[in-house]
Amino acid sequence: MQFDSMILTLILPVLGALLIGTMGSRWGRNSAAVVASGSIFLSFLVVLCNLWQAWPNPVARSVDLWKWASFTLDSGTHDIYFGIYVDALSLTLMAVITGVGFLIHWFSTEYMKGDPGYTRYFCYLNLFIAAMTLLVLANNFALLIVGWGGVGFASFALIGFWREKPSAAAAAKKAFVMNVIGDIGLMIAVFVLFQNLHTLDYATVLHDGLDTIRLDSSRGQWLPLVLLGLLVGAYAKSAQLPLHTWLPDAMEGPTPVSALIHAATMVTAGVYLLVRTHPLLELSPAFLQMVAVLGAITALYAAYCALYQTDLKRVLAYSTMSQLGYMFLAVGVGAYSAAIFHLVTHAFFKALLFLSAGIVIHAAHGEQDMRRLGGLYKDIPYTAWMFGIGGLALAGMFPFAGYFSKEAILHAAHGHIVLYLIGAVVALMTAFYTGRAFFMTFFGPQRVESPHLPGGPTVISCTILTILSVVAGFFAAPFARFLTPGPEAEGFEIHTDFTFEGIVITVLVAASILIAWALYGKGQPDKFGRNVTHNNFVRSGLQVDAAYLMWANGFRDLGRLCAKALDKVFTTLLPGLVGSSFWGMGKSLTETQTGQIRHYMVSMMLSVVVLLFYALLVGGGSLL
Amino acid sequence: MANSPELYLLISGLVFTIGLVGLIIRRNPLVMFMSIELMLNASNLAFMTFSRFSEQVPGLKGGPSDGPVFTFVVMTIAAAEAVVGLAIIITIFRTRRMVDVDALTELKG
Amino acid sequence: MSEFLLVFAALISVGAAIGVISSKEAVHSALYLTVHLLGVAALYLFLHHQFLAVAQMLVYAGAVMVVFIFAVTTLSPHEEPLKLMDQNGLPLVGVGAGLFAFVGLAWTYRNSALTNQAPVEVSGEMVPASQFAYDLFGPFLLPFEGTAFLLLTALVGAIILGGRRRIGDG
């Protein structure tokens, strides 16, 4: 078994989770927190070392650690290995996962202080990091599925962390079920891939084996299925239309969880998957087109719904959905570096927004409804500044990180005028709803009494994220160079030069923010939050969720009906029929037992006569 | 007529049939038993007839000896059976007023 | 003359048989049966077997009928008139079965090798008892001994059946 330093990033969180899970109750809360945060910090250091070595031109390496499974089919023996794939893409994502992950761990040490499930929380959090690491580092599709499922489970455990809360349990269930739908899609894709290529190794499937696929004339039969499966998996995991309804409900979990899983890392797994398999996607331009279009539509839908949300975290959830739509749009038009760049900057400022929202909620003693917040600038000004900077980054205001990554995407979408326009409109909507959330929370009359002030770890981790949100944008060019896999690779440029359209959009964004200030800066009543039919309709995500619920309930009712009716048939009717028919037969047979000698004699005699005649007629006398 | 089997066989068949009918239509157990004796006799007659008119065996007079021997055996059996059967009938019907087999319905069902 | 006697014996046998099954009184049936047995004994004589004719008279018409008469007189029968349609038409079925049986038997006899072959030259001599004895103790010893065993069994059975009175049974 070869040793690669990146294995440590896998081992450390697993070890952490195991230790906390088994010894947590004995060692105490502080130990749990230290073990958890420490393991992620060490993983982060390992990633940094690898990054340092790999910069600026990384050489992709695929390290097989041990043989996991071996299949002997007609076409020969095929092996699947447990191995890791270390290249620019996986290193980038690992940096985000471990870096932002560590900051969130640190934040949680203070944030989750009073919670009785403190140790359980850190155990699950480490477990999540472990699964996400596996997902990103896997060097073959089979291992990818393991990581994929693992993060799905961790998400379920963390969303439903407050087990006694029925809404949390329901949200966790919904998230898990939708994730499973994605899992099935992914699995079907992998099965078909294996059936046709007999290997699941990234190096083979995505590089060496591409020519084989191009020359395969029957690929029209199976390739679409593979691509569709990949898309279903990505859409479920990244909460894109139509498998998106779990994300807003996922806000039932603790806020740091929302920051980590539903902003920075897990939901980006879909983007990672598509960028990783982009050689396969490029074989079908129609699919890429579909990805871009659906991304744009999701971005628009989510931004529209975000306008009407009254819950602070839900605004951020829909915002995440919208930004992920941007990333998918980028992938669809072939701008892979732009998508990953946006993934990274979004991780920074969205985690920042969620964490500062966490500080706000803690300050407001658990209140999340923005209509009942306000005037918090006076109490937690520093948090307000951080939230503000994060918001500006999200809105895409120059010179924050979000500006550069969004510009990159819009620039890439330049050739597709409709997509470009949708992207621009979404940018404006983003600015507006972010401004609305900011002003409603921090300005206006104070509606929160004696707010609870944040402590050290929470503030410092947010500060780090703030700094990143400011400076990350300037590293666009070196980052693009880092990500480019080879000299002829297309789609790995990031354009950050100023264009006329870019300037126009930036001005419009600024205008949107100012409009939001005008509408909400003084604590005016919120038109979007009113309880009218249209508002409620949009707030509920255009009732997509309700439609799914009807569908699911339909099945449940059908099941109940079948259970009642079929049950009655199979347990009562049928056995009854069988039983009574046998009983009837038996009863009629007993009628022949009359006890009368003469009856028996007659039957005997008739039998003899019949036999006699049989012998005479059929046997022709020869039987006698 | 005495030298051909037809008459004897005719009688045998007739008596057998009469015994058969009598067995079914009579309800008195004793008469039923007598019908059984009729049937046995008919079969004895048939045995004798067949043996008498079969291919003659040199050295034996009157055909192969299977017929008479078997007739003898049947006679013995009939006697033994009559005794035992009547003993049973008497045992059953001793205490009843009606000597009627239709009254014996304990084995019904 | 012998033909006439043969027919006479035949008529007596069959007629007595009919009388057995159609008498109202059981005693009459028993007496008819005796006559039938004697008629069959005559037929045996016509078949040239004197030993069996005598045995028939002694064993059957003698011993067996004595037992029958004894049984008849022990029980006091009440015979009801014969109806053809009682018991779901059972007698009718019986008669029908009987007719069919007769037809079947006739057909069987017709097909048998005996009636289809050339008439056999039969000697007019009686079969001597000595020949019968030699047969019985010769080739047919086993059936003979078997019959003896059977008689023993019947004897034991009859004693058991008849002797239970003391124990309070019957």
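This text gives an overview of the structure that appears in the document. For clarity, every value in this text was computed on a predicted model and none was experimentally measured.

A few words now on the overall build of chain C. If you tally the helices and strands in chain C, you get seven helices and zero strands. Look at the contacts in chain C between residues 6 or more apart in sequence, and 54% of them connect residues 24 or more apart.

Right, let's get into the interface of chain B and chain A. Counting from both sides, the interface comprises 14 residues of chain B and, opposite them, eleven residues of chain A. The interface formed by chain B and chain A contains one residue pair in polar contact (both at pLDDT 80 or more). No other element matches the four residues that helix α1 (residues 6-25) of chain B contributes to the side of chain B that touches chain A. Residue classes in the side of chain B that touches chain A are distributed as eight nonpolar, two polar and four charged.

Pairing between side chains of opposite charge can happen when their charged atoms approach one another. Residues and elements named next belong to chain A. All told, the structure shown has eight salt bridges over all chains when counted by the stated rule. Between Asp-249 and Arg-314 there is a salt bridge; the shortest N-O distance is 2.8 Å. Of this pair, Asp-249 sits in helix α10 (residues 246-249) while Arg-314 sits in helix α15 (residues 312-332); the two residues are 65 residues apart in sequence, bridging distant segments of the chain. Owing to a relative accessible area of 17%, Asp-249 belongs among the buried residues under this scheme. A relative accessible area of 25% places Arg-314 in the partly exposed class.

A separate point is empty space enclosed by the protein. Residues and elements named next belong to chain A. Applying the stated rule across the entire model yields six cavities of 30 Å³ or more. Space inside the largest cavity adds up to approximately 60 Å³. Around the largest cavity, the lining residues are Ala-395, Gly-396, Tyr-403, Lys-406, Glu-407, Leu-410, Ala-427, Gly-502, Ile-505, Thr-506 and Val-509. If you list the elements that add at least two residues to the lining of the largest cavity, you get α18 (401-412) and α22 (500-520). Here the residues of the lining of the largest cavity are counted per class, giving six nonpolar, three polar and two charged.

Turning our eyes to something else, we now look at unusual backbone geometry. Residues and elements named next belong to chain A. Cis rather than trans, the peptide bond between Leu-241 and Pro-242 has omega equal to -5°. When you line up the elements, Pro-242 lands in the loop between α9 (219-237) and α10. Residue Pro-399 is reached from Phe-398 by a cis peptide bond, and omega for that bond is 0°. Among the structural elements, Pro-399 can be located in the loop between α17 (381-395) and α18. Positioned with a positive phi, Gln-543 is a non-glycine residue whose angle comes to about 60°. Structurally, Gln-543 is set in the loop between α23 (533-539) and α24 (544-590).

Another point: the packing of aromatic side chains. Here the structure, examined in full by the defined rule, presents 37 aromatic pairs over all chains. An angle of 90° between the planes, with centres 5.3 Å apart, marks the rings of A:Tyr121 and A:Phe122 as edge-to-face. This pair shows no difference in class: A:Tyr121 is buried, exactly as A:Phe122 is. Centre to centre, the rings of B:Phe72 and C:Phe51 are 6.3 Å apart; their planes meet at 45°, and the pair counts as tilted. Taken together, the residues span two chains, with B:Phe72 in helix α3 (residues 66-93) and C:Phe51 in helix α3 (residues 50-74). Accessibility expressed as a relative area gives 30% for C:Phe51, which makes it partly exposed. Three or more aromatic residues joined by ring pairs form one cluster here, namely A:Tyr377, A:Phe387, A:Phe438, A:Phe439, A:Phe442 and A:Phe443. Above the face of the B:Phe53 ring, B:Arg52 is positioned so that its terminal group lies 5.5 Å from the ring centre.

All right, on to the interface of chain B and chain C then. Of the residues lining the interface, 76 residues belong to chain B; the matching set on chain C comes to 85 residues. Roughly 7,200 Å² of surface becomes buried between chain B and chain C when both sides are summed, with 75% attributable to carbon and sulfur atoms. Taken together, the connections running from chain B to chain C amount to zero salt bridges. Taken together, the connections running from chain B to chain C amount to seven residue pairs in polar contact (both at pLDDT 80 or more). Of all the secondary structure elements, the ones that give two or more residues to the side of chain B that touches chain C are α1, α2 (29-52) and α3 of chain B. Sorting elements by how many residues they give to the side of chain B that touches chain C places α3(B) first, with 22 residues.

With that settled, the discussion passes to the side chain of B:Thr17. Within the secondary structure layout, B:Thr17 lies in helix α1. With relative accessibility at 8%, the residue B:Thr17 sits in the buried group. Not counting the four nearest positions on each side in its chain, B:Thr17 is found in contact with C:Gly98, C:Leu99 and C:Phe102.

Helix length check: helix α4 (residues 118-137) of chain A, at 20 residues, gives a terminal C-alpha distance of 29 Å against a target of 28 Å (1.5 Å per residue), a fit within 8%. Counting buried residues in α4(A) gives 17 out of 20 residues, a clear majority hidden from the surface.

Before going further, it helps to examine the pairing of strand β1 (residues 61-73) of chain A. Sheet faces and side chains relate simply in a regular strand, where the side chains alternate between the two faces. Residue and element names in this part refer to chain A. Looking at chain direction, β1 and strand β2 (residues 76-86) are connected through eleven bridges and run antiparallel. Across the sheet, residue Asp-64 finds its bridge partner in β2, namely Gly-83. With antiparallel pairing between neighbouring strands as the criterion, β1 and β2 make up a hairpin whose turn holds two residues.

What follows covers the environment of C:Gly62. All names here are of chain C. Relative to the elements of secondary structure, Gly-62 occurs in helix α3. What makes Gly-62 partly exposed here is its relative accessible area of 23%. With 24 residues separating them along the chain, Gly-62 and Leu-38 place their C-alpha atoms 9.8 Å apart.

Our next topic: the side chain of A:Asp201. Residues and elements named next belong to chain A. Position of Asp-201 relative to the elements: it lies in the loop between α6 (166-197) and α7 (202-208). Although Asp-201 is buried, it forms no salt bridge, and the closest oppositely charged side chain is Arg-276 at an N-O distance of 11 Å. The contact partners of Asp-201, leaving out residues within four places of it in the chain, are Asn-139 and Asn-140.

Quick look at a nonpolar patch on the surface now. Residue and element names in this part refer to chain A. A grouping of Leu-566, Phe-570, Leu-574, Leu-577, Val-578, Phe-582 and Met-585 is seen on the molecular surface, where their side chains present a nonpolar patch of about 700 Å² in accessible area. Within the fold, Phe-582 resides in helix α24. Exposure remark for Phe-582: the relative accessible area of 55% places this residue in the exposed category.

Moving on, we come to the nonpolar core. If you look at the biggest cluster of nonpolar residues, it comprises 213 residues, and the most contacted ones within it are A:Met6, A:Phe128, A:Leu144, A:Leu193, A:Trp246, A:Val271 and A:Leu280. With 20 residues, the top contributor of residues to this core is helix α16 (residues 336-363) of chain A. Every residue in contact with A:Trp246, bar those within four places of it in the chain, is listed here: A:Lys174, A:Ala175, A:Met178, A:Asn179, A:Ala236, A:Lys237, A:Ala239, A:His262, A:Met266 and A:Val267. Listed in part, the 66 residues of the second largest apolar core include A:Met601, A:Val609, C:Val20 and C:Val72.

What counts as what
Residues numbered from 1 in each chain as written. Chains lettered and ligands numbered in written order. Predicted model: local features only at pLDDT ≥ 70, side-chain atom pairs only at ≥ 80, totals over all residues. Heavy atoms only, no water. Helix = DSSP H or I, 4+ residues; strand = E, 2+ residues; numbered from the N terminus. Contact = heavy atoms within 4.5 Å. Polar contact = N/O pair within 3.5 Å; in protein donor to acceptor, adjacent residues only side chain to side chain. Nonpolar A, V, L, I, M, F, W, Y, C, P; charged D, E, K, R; others polar. Salt bridge = Lys/Arg side-chain N within 4 Å of Asp/Glu carboxyl O. Buried < 20%, exposed > 50% of the residue type's maximum accessible area, 1.4 Å probe, protein only. 1 Å grid on protein atoms, 1.4 Å probe; cavity = no way out; pocket = protein on both sides within 12 Å on 5 of 7 lines; lining within 4 Å. Points joined across faces, edges and corners; volume = space filled by probe spheres on them. Phe/Tyr/Trp six-rings, centres within 6.5 Å; stacked < 30°, edge-to-face > 60°. Lys NZ or Arg CZ within 6 Å of the ring centre and 35° of its normal. Buried area = accessible area lost by both parts, 1.4 Å probe. Expected span 1.5 Å × (residues − 1). Pairing = 2+ DSSP bridges. Lys, Arg positive; Asp, Glu negative; His and termini not counted. Patch = residues over 30% accessible without salt bridge, like charges linked within 9 Å, V, L, I, M, F, W, Y side chains within 5 Å. Areas by Shrake-Rupley, 256 points an atom, 1.4 Å probe, with all protein chains shown as cover. Core = buried A, V, L, I, M, F, W, Y, C linked by side-chain atoms within 4.5 Å.

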